[in-house]
Amino acid sequence: MTAKLNRPQSIKLYKDMVTIRAFEEEVRKMFSAGLAPGLVHLYSGQEAVGVGTCATLDKDDYIASHHRGHGHCIAKGSDITRLFAEIIGRRPGYSLGRGGSMHIHDPETGNLGTNGIVGGSVPLATGAALSAKLRGTGQVAISFFGDGVLNQGILFESLNMAALWSLPVVFVCENNGYGEFTEIDDVTAGRPYTKRGAAFDIPADKYDGMDVLVVYDAVSKAVERARKGKGPSFLIFDTYRYSGHSVGDKQEYKDEKERQLWEARDPIQKMAKLMVKMKLATKNDLKKMDEEINSTVVAAAKVAKKMPVPGADDLARHVYAP
Amino acid sequence: MTNSLNIEQNLAILDRMLLIRRFEEMLIDLDQDHDFGHYHLYIGEEATGATVVESLIPTDLLLTTWRNHGHLLARGTNPGRMVAEILGRVDGYNKGRGGTLHLTDREAGFLSTSGLVGGAVGLAAGAGFALKQAGEGNICVVFFGDGSLEEGVVFEAMNLASLWSLPVLFMCENNNSGAISAQEGGFPSSEIAASQISDIPKSLNINSKLVDGADVAAVHTVVTEAVSNIRSGNGPVFVEAYSERWPGSRPLWPEQATGVTQVASAWDESLLTGEHKEWIIEFDPLIRFIRNQLAEGLFSKDELFDRDRKIQTQITEARAFGEASALPDPQSALDGVFAA
Amino acid sequence: MPPDSSANIQSDRNITLKAAVLEAMFEEMKCDENVVLIGEDVGAAGGVFKQTEGLFETFGADRVIDTPISESAIFGLSVGAAMAGSRPIVEVMFGDFLTLVMDQLVNQAAKVHYMSAGGFNVPLVLRTGIGIGGSLGPQHSQSLHSWLAHIPGLKVVMPSSAADAKGLFKAAVRDNNPVIFMEDRMTYNLKEHVPTGEKIIPLASAAVKRKGVEVTIFAISRAVHTALAAAEILLEEKNISTEVVDLRTLAPLDVETIVSSVRKTGRAIVLDGGYKSFGITGEIAATIGELVFDYLDAPVMRLAAPDIPVPYSPSLESLMVPSVDQVVAKVSTMFGDSV
């Protein structure tokens, strides 16, 4: 994509990544201030994967996300004020404040939800793809999941069915190197991990997940293939989470050098440099964008903080659908 | 494949195969009289079970599935007590509580027979873990069908076995008749998108072999090498032993589709009639083995008849033993819900 | 309360429970093209109990989908498909295999509607066979309905007869929630008159299957037949007038019908094919105790499967199912008889 990259596209990708980074910074502050009552898992560092992926999709395409899902929601177009509201348990949140960070669903943007179960997104996206295929809508579904899911049986069962039935689903593995506090390579047999998809005759490859354009290109091809009825793809993006598993994790299991190496590959900085080099924006333009986004995000957080908590009469709503 | 087995070994395998065949044939008849519920026969796969045990030692552990009779008999389990269990009688290995689906013989090294697809495979990884911890060089063999590869737990268990180099032989008996069964309206047993079943264990870095499960010599060569590798601490091996599904196993309930086996049909095809005679000529592992071994001069026809007769007598006695055994006392129903 | 299903008897419409559910599937698949059937061997093979026979030929491989043996993912993807606009009927061959589905059922399906604040529905039916009989042993004989009824967001339906099964199944397919439809295999071949056409039986509605004034037997699924047989004997031999209430749906529970029957009879016994401890019998006994204790002339009694893995041997297996004799004896003690 680099060669053909135009200004509006590049600005959209850049802004989405910066928004996510700023959003997560606010979430961290909210958590530290005791406003976010539960567990929050930050996406900072992995922005290129979510943004590059969602940029290839139409609004009615599906995504199914995981516990580190704020970035996916933002990239797919959810409202950041309502996201903040949900994370701090306020009534205008996507689940009336009853779900929190790990249970954000947004039907408007085709978001089947962030998820609290490791591997939860995988069959859901596969099923949404099955439904899209049966209904002949041309929609595709993305399953975002972490490297920990590489060892879940349900991934393997879902890959098999997606391949058997040529479902329009793209399996997007975000390999940030750690499942909670454990290095993924210590608990996973078989190299390379793409073989897990290839075993079912699914096109499978590994990419740099710190480069939003690489992600965009890889997912575009997979989405196009899915839309043409040619079946699933299995993509692994190597990436890195700057923060701990959840906020509060001191990351004593990580090496300082390792962190510096990854930070040197920061997806936002990388994109910024490229845009300047390709004369798509000046340093000053970017700085202005950063400031605007920051103030928008901070303002949204401020609004969310003033939002009411759910009432007792919200407790028992939606247990069953009408 | 050249037969690297000695005379005693070949005769032992012959006896095991005959014993399994006659036992399973007897069960079809037994079910007519007793209607003991759903069951599964090992006919057509005898060469695999009868040969795998040749490479094991008495302290190795085994786990199997609902198609288990052949594995148990091959390992020396008493056929009379097996009949008793299948009839739900007190002299059965599980005192009549398990039946065919849960028939296990601890003395023979069997940990479990699972009634659930892939159910034994997770347990096998655990048995392998314990054996590795014990460090006495024992291994664990788990038999399972091709359908098990569709279950996530099998993938999870193989991942752990590979990761921790556990001493486990994953013995996949692929009896999927695939296209043939589908055309005849039978039950599709396997829906796997992989071109080769072994691509799945290979993706987990497990050493994987493919072998004709109806060829005794080939099974022996592959399994002996696998077992020796596993025993020396090199981690698990996956063996896919394929066979052409016995036509009697295609319907939901076993049927005597090929008639009672006549060993003489190994040299006299005129004895064969019926729509499935091609299966016997081409795929029946027992008939194939007899044919080869007669040619090699392992035994004479008379010796073969003699062995078969003795085994048939043994089976008749086993049946009588099982049928004579009493039903468990209702008072015993509460025993053993919890361990002491 | 829905009318008694034995009305309008026409002998040519006497069909089995299995056939009635199959008929419901045909009708629902015909009237809504988003209804799809997903499961192991449900397609060309027609189901291991021939319970889906003919659907594949009628609706084709796109709507009658044979799956690999991957219960967890089959169910998980049905949840995703339901969220995206399909209305799957998922078959899990044996109720025992619900254990393989539990994560997707409890952690995903049951919570989606609530957690999305009504944004997504999960309109699906999980159909499964349960019950003791035929020496299937401990991994193929369990009745785990109480586990599921414990989870908010799931509906649990257990028909006892053919007409109910059809009407309830149609309601289940049209419901916008995950509904677990459990049939006892021992009732598969029970025949009765099943009316033609649209007869929907609402979920959460119990049915009085026999009217009486001195004691109520609450039962579900196959146990309803035990209750009815016992009621007949109680009348003939002990002159006790017994009411039999078929709960039909465990979740949501028709509390109104339960309490109004107890108000009338003053005695209650609960009968279930699942385990006794921590099961549905305890739930109903407690509900009666909380709401209509003052109407009771005797403690609420329970009869259920003893807390033992289901053994294979017929001599032991039969002990696992509450018998007509046991019910008669237990009810008699509520009237002062010593056993």
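Residues numbered from 1 in each chain as written. Chains lettered and ligands numbered in written order. Predicted model: local features only at pLDDT ≥ 70, side-chain atom pairs only at ≥ 80, totals over all residues.

*Asks:* Would you take a moment to explain the overall build of chain C for this structure?
*Replies:* A count of helical and extended segments in chain C gives 11 helices and 14 strands. Against the compact-globule benchmark of 20 Å for 339 residues, chain C has a radius of gyration of 20 Å, which places it among compact chains. Its C-alpha atoms give chain C principal-axis dimensions of roughly 60 × 45 × 40 Å. Split into buried and exposed, the 339 residues of chain C put 61% on the buried side. (Helix = DSSP H or I, 4+ residues; strand = E, 2+ residues; numbered from the N terminus. Rg over C-alpha atoms; globule rule 2.2 N^0.38 Å. Buried ≥ 20, exposed ≤ 12 C-beta atoms within 10 Å, placed from the backbone.)

*Asks:* Can you help me understand the overall build of chain A in this one?
*Replies:* Across its full length, chain A holds 11 helices and 7 strands. On C-alpha atoms alone, chain A measures out to a radius of gyration of 19 Å, which is about the 20 Å that the 2.2 N^0.38 rule sets for 322 residues. If one aligns the C-alpha atoms of chain A with their principal axes, the spans along those axes are about 55 × 50 × 40 Å. Looking at chain A as a whole, 59% of its 322 residues are labelled buried.

*Asks:* Where do I start with the nonpolar core in this structure?
*Replies:* What tends to happen in soluble globular proteins is that the nonpolar side chains get buried as a cluster. Core analysis: the largest hydrophobic core is formed by 305 residues, its most contacted members being Ala128(A), Val142(B) and Val239(B). Two domains each provide a minimum of three residues to this core, namely domain 1 (14-193) and domain 2 (207-333) of chain C. Excluding anything up to four places from it in sequence, Val142(B) contacts Leu63(B), Ala120(B), Val121(B), Ala124(B), Val168(B), Phe170(B) and Met171(B). (Core = buried A, V, L, I, M, F, W, Y, C linked by C-beta atoms within 7 Å. Domains from an automatic or database assignment. Contact = placed C-beta atoms within 7 Å.)

*Asks:* Explain the domain arrangement of chain C here, please?
*Replies:* How big an interface is tends to be stated in terms of the accessible area lost upon association of its parts. Residue and element names in this part refer to chain C. Domain annotation for chain C reports domain 1 (14-193) and domain 2 (207-333). Each of domain 1 and domain 2 has a C-alpha centre, and these two points are 26 Å apart. Listed per partner, the contact involves 23 residues of domain 1 and 23 residues of domain 2. Secondary structure elements with two or more residues in the side of domain 1 that touches domain 2: helix H5 (145-149), strand E6 (155-157) and helix H6 (162-174).

*Asks:* Help me understand the interface of chain C and chain A, please; the structure alone is not making it clear to me.
*Replies:* At the junction of the two partners, chain C supplies 34 residues and chain A supplies 36 residues. Elements represented by at least two residues in the side of chain C that touches chain A include exactly helix H3 (71-83) and helix H4 (98-115) of chain C. The greatest single-element share of the side of chain C that touches chain A, amounting to 9 residues, is contributed by H3(C).

*Asks:* Help me understand unusual backbone geometry in this model?
*Replies:* For residues that are not glycine, phi is negative in most cases, and the peptide bond is trans in most cases. Going from Arg191(A) to Pro192(A), the amide bond is cis rather than trans, its omega being -15 degrees. As for its placement among the helices and strands, Pro192(A) is situated in the loop between strand E5 (182-183) and helix H7 (195-198). In this structure, Gln251(A) takes a positive phi of about 60 degrees despite not being glycine. By the element assignment, Gln251(A) lies in the loop between strand E7 (233-238) and helix H9 (256-263). Look at Gln251(A) and you get partly exposed, because 15 C-beta atoms sit within 10 Å. Not every positive phi belongs to a glycine, and Arg248(C) is a case in point at roughly 60 degrees. Mapped onto the elements, Arg248(C) comes out in the loop between strand E11 (242-246) and strand E12 (249-251).

*Asks:* What is the right way to look at helix H9 (residues 280-292) of chain C in this model?
*Replies:* For an α-helix the count is 3.6 residues per turn, leaving residues at separations of three or four pointing the same way. All names here are of chain C. Taking 1.5 Å per residue, 13 residues should reach 18 Å; H9 reaches 18 Å between its end C-alpha atoms and fits that length. The complete set of buried residues in H9 reads Ile280, Thr281, Ile284 and Ile288. Viewed end-on, H9 has its buried residues packed into an arc of 110 degrees, placing them on one side of the element. Exposed positions of H9 whose direction lies more than 90 degrees from the buried face are Ala286 and Glu290. (Expected span 1.5 Å × (residues − 1). Arc of directions from axis to C-beta.)

*Asks:* Looking at this structure, how should I read the sheet that holds strand E3 (residues 64-66) of chain C?
*Replies:* Adjacent strands of a sheet form backbone hydrogen bonds with each other and so pair up, either parallel or antiparallel. Residue and element names in this part refer to chain C. Pairing in this open sheet of 7 strands is mixed, and the strands run E3-E2-E4-E5-E7-E6-E12 from one edge to the other. The outermost strands of the open sheet, each flanked by one partner alone, are E3 and E12. Looking at each pair of strands side by side, their axes are set apart by 20 degrees on average, direction ignored. In the packing of H3 onto the sheet, the strands contacted are strand E2 (35-39), strand E4 (87-94) and strand E5 (124-130), and the crossing angle to E4 comes to about 165 degrees. (Pairing = 2+ DSSP bridges. Axes fitted to C-alpha atoms, helices over the stretch in contact; angles between N-to-C directions.)

*Asks:* Please explain the interface of chain B and chain A as it appears in this structure.
*Replies:* With 18 residues of chain B at the contact, the number on the chain A side is 19 residues. Mapped by element, the contributors of at least two residues to the side of chain B that touches chain A are helix H6 (152-163) and helix H8 (199-203) of chain B. Looking at which element gives the most residues to the side of chain B that touches chain A, the answer is H6(B), with 7 residues. Residues that form the side of chain B that touches chain A fall into these classes: 8 nonpolar, 6 polar and 4 charged. (Nonpolar A, V, L, I, M, F, W, Y, C, P; charged D, E, K, R; others polar.)

*Asks:* What is the right way to read the sheet that holds strand E2 (residues 110-113) of chain B from this model?
*Replies:* All names here are of chain B. Pairing is parallel across the open sheet formed by 6 strands, whose spatial order is E2-E1-E3-E4-E6-E5. Every interior strand has two partners, whereas the edge strands, E2 and strand E5 (207-212), have only one. The mean angle between the axes of side-by-side strands here comes to 15 degrees, regardless of whether they run parallel or antiparallel. Where strand E1 (residues 61-64) meets strand E3 (residues 140-145), 3 bridges bridge the pair, whose relative direction is parallel. Across the sheet, residue Leu61 finds its bridge partner in E3, namely Cys140. Against the sheet, helix H5 (residues 119-134) contacts E1, E2, E3 and strand E4 (168-174), and its axis sits at roughly 170 degrees relative to E3.

*Asks:* What is the right way to read the environment of His72(A) from this model?
*Replies:* Residue and element names in this part refer to chain A. Position of His72 relative to the elements: it lies in helix H3 (residues 70-76). For His72, a count of 31 C-beta atoms within 10 Å corresponds to the buried category. Separated by 25 residues in sequence, His72 and Glu47 place their C-alpha atoms 8.6 Å apart. In this structure, His72 is in contact with Gly50, Cys54, Ile63, Ser65 and Phe144, ignoring residues within four places of it in sequence.

*Asks:* Before we go on, may I ask you to explain the confidence of the model for chain C in this structure?
*Replies:* Detailed reading of the predicted coordinates is not advisable wherever pLDDT is low. Residues and elements named next belong to chain C. Overall, the prediction assigns chain C a mean pLDDT of 93, with 96% of residues at 70 or greater. Low pLDDT, under 50, characterises residues 1-11; the predicted model gives this stretch 16 contacts beyond four residues in sequence or across chains. Predicted complex, confidence summary: ipTM 0.90, pTM 0.90. (pLDDT = per-residue confidence, 0-100.)

*Asks:* Is there a simple way to explain the environment of Ile104(A) in this structure?
*Replies:* Mapped onto the secondary structure, Ile104(A) falls in the loop between helix H4 (80-87) and helix H5 (121-135). Residues Ile104(A) and Val149(A), spaced 45 residues apart in sequence, show a C-alpha to C-alpha distance of 20 Å.

*Asks:* What exactly am I supposed to notice about the packing of H3(C) against H4(C) here?
*Replies:* Pairs of packed helices are described in terms of their axes, by the angle between the two and the distance that separates them. Residues and elements named next belong to chain C. It is at 7 Å that the axes of H3 and H4 come closest, and there the two elements cross at 15 degrees. Put simply, H3 runs roughly parallel to H4. The element H3 and its partner H4 pack so that their crossing is right-handed. Residues Glu71, Ser72, Phe75, Gly76, Val79 and Met83 of H3 touch H4, and the partners they reach there are Leu100, Val101, Asp103, Gln104, Leu105, Gln108, Ala109 and Val112. A breakdown of the residues in the contact of H3 with H4 according to their chemical character gives 8 nonpolar, 4 polar and 2 charged. (Parallel < 35°, antiparallel > 145°, perpendicular 65-115°, else oblique. Left-handed = near helix turned anticlockwise from the far one by under 90°.)

*Asks:* Honestly, the pairing of E11(C) in this entry has me stumped. Any pointers?
*Replies:* Regular strands place their side chains on alternate faces of the sheet. All names here are of chain C. In terms of residue burial, E11 counts as a mostly covered element, since 5 of its 5 residues are buried. Burial along E11 is two-sided: Thr242, Val244 and Asp246 and Glu243 and Val245, pointing in opposite directions, are all buried. In terms of strand pairing, strand E9 (residues 207-210) meets E11 through 3 bridges, oriented antiparallel. Bridge pairing in E11 links Val208 to Val245. Bridge count for strand E10 (residues 215-219) against E11 is 5 bridges, and the pairing is parallel. What sits directly across from Ala219, in E11, is Asp246. Handedness of the crossover joining E10 and E11 through helix H7 (residues 223-238) is recorded here as right-handed. (Right-handed = clockwise from strand over helix to strand, strands pointing away.)

*Asks:* Where do I start with H6(B) in this structure?
*Replies:* Residues and elements named next belong to chain B. When the terminal C-alpha atoms of H6 are compared, their 17 Å separation across 12 residues agrees well with the 16 Å that a helix rising 1.5 Å per residue should span. Buried within H6 we find Gly152, Val153, Val154, Phe155, Glu156, Ala157, Met158, Asn159, Leu160, Ala161 and Ser162. Count one or two residues on from H6 and you reach Ser165, which has phi positive near 45 degrees.

*Asks:* Would you explain the environment of Phe181(C) in this entry?
*Replies:* All names here are of chain C. Within the secondary structure, Phe181 is located in strand E7 (residues 178-184). Along the backbone, Phe181 and Lys155 are 26 residues apart, and their C-alpha atoms lie at a distance of 8.4 Å. Setting aside anything within four residues of it in sequence, one finds Phe181 in contact with Val125, Leu126, Arg127, Val157, Phe169 and Ala172.

*Asks:* Would you mind going over the packing of helix H8 (residues 255-265) of chain C against H9(C) with me for this structure?
*Replies:* Residues and elements named next belong to chain C. Running from N to C, H8 and H9 point in directions that differ by 65 degrees, and their axes come no closer than 10 Å. In terms of orientation, H8 and H9 fall into the roughly perpendicular class. Handedness of the H8/H9 crossing: right-handed. Contact residues: Val255, Ile258, Val259, Val262 and Arg263 in H8; Ile284, Thr287, Ile288, Leu291 and Val292 in H9.

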